[in-house]
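Geometric and topological summary
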Amino acid sequence: DMAVGRWYPSVVTGADGRQLIMSGQSELGWGTPTPIVERFPALNKPVPTARTDKPEGWAVDRFKADAPFKRDYPHLFSLRDGKVYGLGRNPEQQWRFDPTTETRTDLAPRPDNMPRNYGSAVPLPAGFKGPDSVLVLGGDRDDPNTYQLVGGQWSKEKARAFGRTQDDTLLM
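Quick caveat, the model's predicted, so the values are computed rather than measured.

Quick notes on the pattern of salt bridges
Applying the stated criterion across every chain yields a total of eleven salt bridges. In this structure, the salt-bridge partner of Arg39 is Asp61, at a minimum N-O distance of 2.8 Å. Linking Arg39 in strand E3 (residues 38-40) with Asp61 in strand E4 (residues 61-62), this pair joins segments that are 22 residues apart in sequence. The exposure classification of Arg39 matches that of Asp61, with both residues buried. With a closest N to O distance of 2.5 Å, Asp112 and Arg116 form a salt bridge. Among the residues examined, Arg116 registers a relative accessible area of 2% and is labelled buried. Look at the salt bridges and you will find they share partners, linking Arg110, Asp112, Arg116 and Asp143 into a network.

Laid out in structure tokens, this is it:
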């Protein structure tokens, strides 16, 4: 069982194969986002690797650092440096989580300085070692720009023809 109820959370699989669960509205209802980060499986359990592994009854445990996102569905990415990047819809809610030390580090605010409603984000391919950057796009019908996070730093990238609030993104 999880420590709190979650409605609209985000989940990412970290470099160690464990899932980090963040954000979402609590069991108290809309407008009550939870800052609690949970991990599955708990550190005292192995990560299932075989098809016959059935983690029935395995517990989650609480990650030491919180994730105080104010809105649901943050974009979460596990990049090649082994860190998990949590990119919130509000520009100042951009964090790097270290699964080894269970800490959270502030990243620079996203350069658009505006909340994004939905939108999408994708990890950018960078060879066999895995992605090392993220592209954020959409989420604001008045902003056609895209934003790239590389090494914890933001840059404004090529604008699209027009802004979009809700879009789907697929890398081919």
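The structure having been displayed, the exposition proceeds.
Focus on a nonpolar patch on the surface
On the surface, a cluster of nonpolar side chains totalling about 460 Å² of accessible area is made up of Trp7, Tyr8, Trp30 and Tyr73. With respect to the element layout, Trp7 can be found in the segment before strand E1 (10-13). Overall, Trp7 belongs to the partly exposed group, its relative accessible area being 40%.

Concerning the sheet that holds E1
One open sheet holds the four strands; their spatial order is E1-E2-E3-E4, and the pairing between them is antiparallel. Here the strands that pair on one side only, and so sit at the sheet edges, are E1 and E4. Relative to E3, strand E2 (residues 19-22) runs antiparallel, the two being bridged by three bridges. Its bridge partner lying in E3, Gln19 is registered against Phe40.

A word on the sheet that holds strand E6 (residues 84-87)
Strand order in the open sheet made by the four strands is E5-E6-E7-E8, with antiparallel pairing throughout. In the strand order of this sheet, the two ends are held by strand E5 (75-78) and strand E8 (103-106), each with one partner. The mean inter-strand angle of the sheet, taken between neighbouring strand axes irrespective of direction, is 25°. With four bridges joining them, E5 and E6 adopt antiparallel strand pairing. Bridge pairing links His75 to Leu87 in E6.

Describing the nonpolar core
If you look at soluble globular proteins, the nonpolar side chains tend to sit buried side by side. Counting residues in each nonpolar core, the largest one holds twelve residues, listed as Val12, Leu20, Met22, Val37, Phe63, Ala65, Ala67, Phe69, Leu76, Val84, Trp95 and Phe97. For this core, the secondary-structure elements that each account for two or more residues are E2 and strand E7 (94-98). Other than its neighbours up to four places away in sequence, Ala67 contacts Met22, Thr34, Pro35, Val37, Phe97 and Arg104. Grouped together as the second largest cluster of nonpolar side chains are eleven residues, Ala121, Val134, Leu149 and Trp154 included.

Describing the environment of Asn44
Among the structural elements, Asn44 can be located in the loop between E3 and E4. With a relative accessible area of 65%, Asn44 lands in the exposed category. Between the C-alpha atoms of Asn44 and Ala65, which are 21 residues apart in sequence, the distance is 18 Å.

Rules used in this analysis
- Residues numbered from 1 in each chain as written.
- Predicted model: local features only at pLDDT ≥ 70, side-chain atom pairs only at ≥ 80, totals over all residues.
- Heavy atoms only, no water.
- Salt bridge = Lys/Arg side-chain N within 4 Å of Asp/Glu carboxyl O.
- Helix = DSSP H or I, 4+ residues; strand = E, 2+ residues; numbered from the N terminus.
- Buried < 20%, exposed > 50% of the residue type's maximum accessible area, 1.4 Å probe, protein only.
- Patch = residues over 30% accessible without salt bridge, like charges linked within 9 Å, V, L, I, M, F, W, Y side chains within 5 Å.
- Areas by Shrake-Rupley, 256 points an atom, 1.4 Å probe, with all protein chains shown as cover.
- Pairing = 2+ DSSP bridges.
- Axes fitted to C-alpha atoms, helices over the stretch in contact; angles between N-to-C directions.
- Core = buried A, V, L, I, M, F, W, Y, C linked by side-chain atoms within 4.5 Å.
- Contact = heavy atoms within 4.5 Å.

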